[in-house]
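For reference, the chains in residue letters:
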Amino acid sequence: GKYCPEDGECLELEEMENILIDSRDPDELLDVWQGWRTVSVPMRKDFERYVEIATEGARELGFADLGALWRAKYDMTPDEFAADVDRIWQQVKPLYDQLHCYVRYKLAERYGEGEVPLDGPIPAHLLGNMWAQDWQHIADLVLPGDADPGYDLTALLRERDVDALEMVRVGERFFSSLGFEELPETFWERSLFVKPDDRDVVCHASAWDIDWVDDLRLKMCIEIESEDFITVHHELGHNYYQRAYGHLDPLFRDSANDGFHEALGDTLALSITPAYLVQLGFLDSAPNGDVVAMQLKTALDKIAFLPFGLLVDRYRWQVFAGEISPEEYNSAWWELRERYQGVRPPVPRGEEFFDPGAKYHIANNTPYTRYFLAAVLHYQFHRALCEAIDFDGPLHECSIYGSPVAGERLQQMMGMGRSRPWQDALEALTGQREVDATAMVDYYQPLMTWLEEHNEGRSCGW
Ligand code: X8Z
Ligand code: ZN
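Quick notes on the rules
- Residues numbered from 1 in each chain as written.
- Chains lettered and ligands numbered in written order.
- Predicted model: local features only at pLDDT ≥ 70, side-chain atom pairs only at ≥ 80, totals over all residues.
- Heavy atoms only, no water.
- Helix = DSSP H or I, 4+ residues; strand = E, 2+ residues; numbered from the N terminus.
- Rg over C-alpha atoms; globule rule 2.2 N^0.38 Å.
- Buried < 20%, exposed > 50% of the residue type's maximum accessible area, 1.4 Å probe, protein only.
- Near = heavy atom within 4 Å.
- Areas by Shrake-Rupley, 256 points an atom, 1.4 Å probe, with all protein chains shown as cover.
- Nonpolar A, V, L, I, M, F, W, Y, C, P; charged D, E, K, R; others polar.
- Disulfide = S-S within 2.5 Å.
- Donors = N, O, S within 2.8 Å, 3.2 Å for Na, K, Ca; no water.
- Phe/Tyr/Trp six-rings, centres within 6.5 Å; stacked < 30°, edge-to-face > 60°.
- Lys NZ or Arg CZ within 6 Å of the ring centre and 35° of its normal.
- Contact = heavy atoms within 4.5 Å.
- Salt bridge = Lys/Arg side-chain N within 4 Å of Asp/Glu carboxyl O.
- Core = buried A, V, L, I, M, F, W, Y, C linked by side-chain atoms within 4.5 Å.

K.L.:
Is there a simple way to think about the overall build of the chain in this case?
P.N.:
Helices and strands together make up the secondary structure of the chain, namely 20 helices and six strands. A compact globule built from 462 residues would reach a C-alpha radius of gyration of about 23 Å, and the chain, at 22 Å, matches this within 12%. Summarising its shape, the C-alpha atoms of the chain cover approximately 60 × 55 × 50 Å along the three principal directions. Burial analysis of the chain (462 residues in total) assigns 58% to the buried set.

Shown next as structure tokens:
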């Protein structure tokens, strides 16, 4: 999709995303926010038809609807799975509520209480991301003036002239340091790392296993910035997982559940600590950064994501079950956005629009609860690996870089593919049989204490 403003050149999604990242002019933000949502208007009818066909297909296979089919892939009943997701959300919701409260105050300081009322949901175009799904790009507005994280990864990458290829090489070296075999030569020949200027491509990052042998590839339009550095690790996680289960029967060539696939690379990325950046040569010495500032920065990415990760499929489950009818496709979407995320559309969005379709995974029929699971799971993996290597210190300082012991643990789990219930795979890695958000909660304890202090006496919620 492209957005062609009346008085200017057409914009692609990546350009509009960069405006949301850089601009602090509410009118400009609103323009691209609305502009991108023109691409999904024509999807509305097709989506309705897709739901009909999907329901027919799911019923033929013996499921109530496509949502039940999706939820049936977790070694428990669809209802048990939905309840388990709720349980996990309740574990992390206090973190989100505190972050939301703090960020809303900061945005009101910047844009005024007229634009950001202190008792309501936050206008979705002010959060630095097209879907308000992660807020890392408004860190400059949100971090207290005296809080210094000690370093800025985007600046470090640019200062060192690290290019897209080198970012992937650094990611590969991390896996190698854990004992994983290097990527095949064909990976480097056949992957796409940089947005080509002679043709249109789907830039949404993905990782491929073309021949189920070793033709692994990454497809991504890498920009030189910290978010994409993390995403490179995320995608490589998919590739190394694919390789680890490649020897199994075709039916088992997948992750334990889809959340595991999404969590693998993110687990490694948690080890991109200041100490690791020193080892990499990106920093001369570990900066004496402020822990809370550092955590606030990552929380704007990881904690802010949680309700979005949950609601995308809450929405589709209800659509597929017929609980949301085509006449309410858009209003129901915004009700869920408000209920879970506490955000609202900056302008009225009636049924002439189809805003859910402006999110890749909805247009692309890709389930999304996997990202919610992964958002919690990768902290649980990280905690287990840090215990396995006898790391002594706070979780946010632990890096598994260079540890074959951690690599061996990961390999054991990944090599099981989906040949066992996911609970067995989780147990092999962590000793636990349930998704447990206490690792994430413990990780952010310093930030949580600080947020509670700062929000004291404020009215939170929406
Ligand atoms: O789609 C992705 C990955 C590819 S599996 C880049 N993610 C979700 C998104 O972009 O919405 C990663 C985080 C959530
Ligand atoms: Zn992924």
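K.L.:
Can you help me understand the site of ligand 1 in this one?
P.N.:
If you check the shell around ligand 1, you find Q133, H204, A205, H234, E235, H238, E262, F305, K359, H361, Y368 and Y371 and nothing else. When isolated, ligand 1 has an accessible area of 370 Å², and the protein chains bury 79% of it. Residue contributions to the shell around ligand 1 peak at three residues, all from helix 10 (residues 226-244). Looking at the shell around ligand 1 residue by residue, the classes come out as four nonpolar, five polar and three charged.

K.L.:
Sorry if this is basic, but what is going on with the state of the cysteines here?
P.N.:
A disulfide bridge is the covalent bond that connects two cysteines by way of their sulfur atoms. On inspection of all chains with the given rule, the structure shows four disulfides. Residue C4 pairs covalently with C10 via a disulfide, S to S 2.1 Å. Between C4 and C10 the sulfur-sulfur dihedral comes to about 105°; the bridge is accordingly right-handed. Along the chain, the cysteines that take part in disulfide bonds pair up as 1-2, 3-8, 4-5, 6-7, counted in sequence order.

K.L.:
Where do I start with the coordination of the zinc ion (ligand 2) in this structure?
P.N.:
Coordination of the zinc ion (ligand 2) by the protein is provided by H234 (NE2), H238 (NE2) and E262 (OE), with metal-donor distances spanning 2.0 to 2.1 Å. Counting along the primary sequence, the residues that act as donors to the zinc ion (ligand 2) give the motif H-x3-H-x23-E. With H238 in helix 10 and E262 in helix 11 (residues 258-269), this residue pair connects regions lying 24 residues apart in the sequence. The exposure classification of H238 matches that of E262, with both residues buried.

K.L.:
Please clarify how the packing of aromatic side chains should be interpreted in this entry.
P.N.:
Centre distance and the angle of the planes are the two values used to describe a pair of aromatic rings. According to the stated counting rule, one finds 34 aromatic pairs in the structure shown. Three or more aromatic residues joined by ring pairs form one cluster here, namely F47, Y50, W70, F320, Y329 and F354. Over the ring of W317 we find R71; its NZ or CZ atom is 4.8 Å from the centre of that ring. Sitting over the ring of Y105, R458 keeps its end group 4.0 Å from the ring centre.

K.L.:
Would you mind going over the environment of T154 with me for this structure?
P.N.:
With respect to the element layout, T154 can be found in helix 7 (residues 153-159). When neighbours within four sequence positions are excluded, T154 is seen to be in contact with I224, E225 and S226.

K.L.:
Even after reading the chapter, I still don't get the pattern of salt bridges, so can you show me in this structure?
P.N.:
Between side chains of opposite charge, pairing is possible as soon as their charged atoms come close. In the structure shown here, the tally under the stated rule is 25 salt bridges. Salt-bridge contacts for R24 lead to D140; the nearest nitrogen and oxygen are separated by 2.9 Å. With R24 in the loop between helix 1 (13-22) and helix 2 (26-36) and D140 in helix 6 (residues 139-142), this pair connects stretches of sequence that are 116 residues apart. Accessibility expressed as a relative area gives 17% for R24, which makes it buried. A residue is classified by how much of its surface remains accessible, and D140, at 55% relative accessible area, is exposed. For E427, the salt bridge is made with R433, and the minimal N-O distance between the two is 2.6 Å. Taking relative accessible area as the criterion, R433 reaches 41% and is therefore assigned partly exposed.

K.L.:
In this structure, what is going on with unusual backbone geometry? I would like to understand it.
P.N.:
Peptide bonds are, in most cases, trans, and in most cases residues other than glycine have a negative phi. Its identity as a non-glycine residue notwithstanding, D75 has a phi of 55°, on the positive side. Position of D75 relative to the elements: it lies in the loop between helix 4 (66-71) and helix 5 (78-111). We classify D75 as partly exposed; its relative accessible area is 40%. Positive phi is not limited to glycine here, since N365 has a value of about 60°. Mapping N365 onto the fold places it in the loop between helix 15 (360-363) and helix 16 (369-388).

K.L.:
What is the right way to read the nonpolar core from this model?
P.N.:
Soluble globular proteins tend to bury their nonpolar side chains together. One finds V103, L107, W135, F260 and L410 to be the most contacted residues of the largest nonpolar core, which totals 154 residues. Broken down by element, this core gets its largest block of residues, 17 residues, from helix 13 (residues 291-320). Sequence-distant contacts of L107, that is, excluding residues within four places in its chain, are made with G112, V116, I122, L126, L127, I138 and L141.

Nothing here speaks to function; it is geometry throughout.
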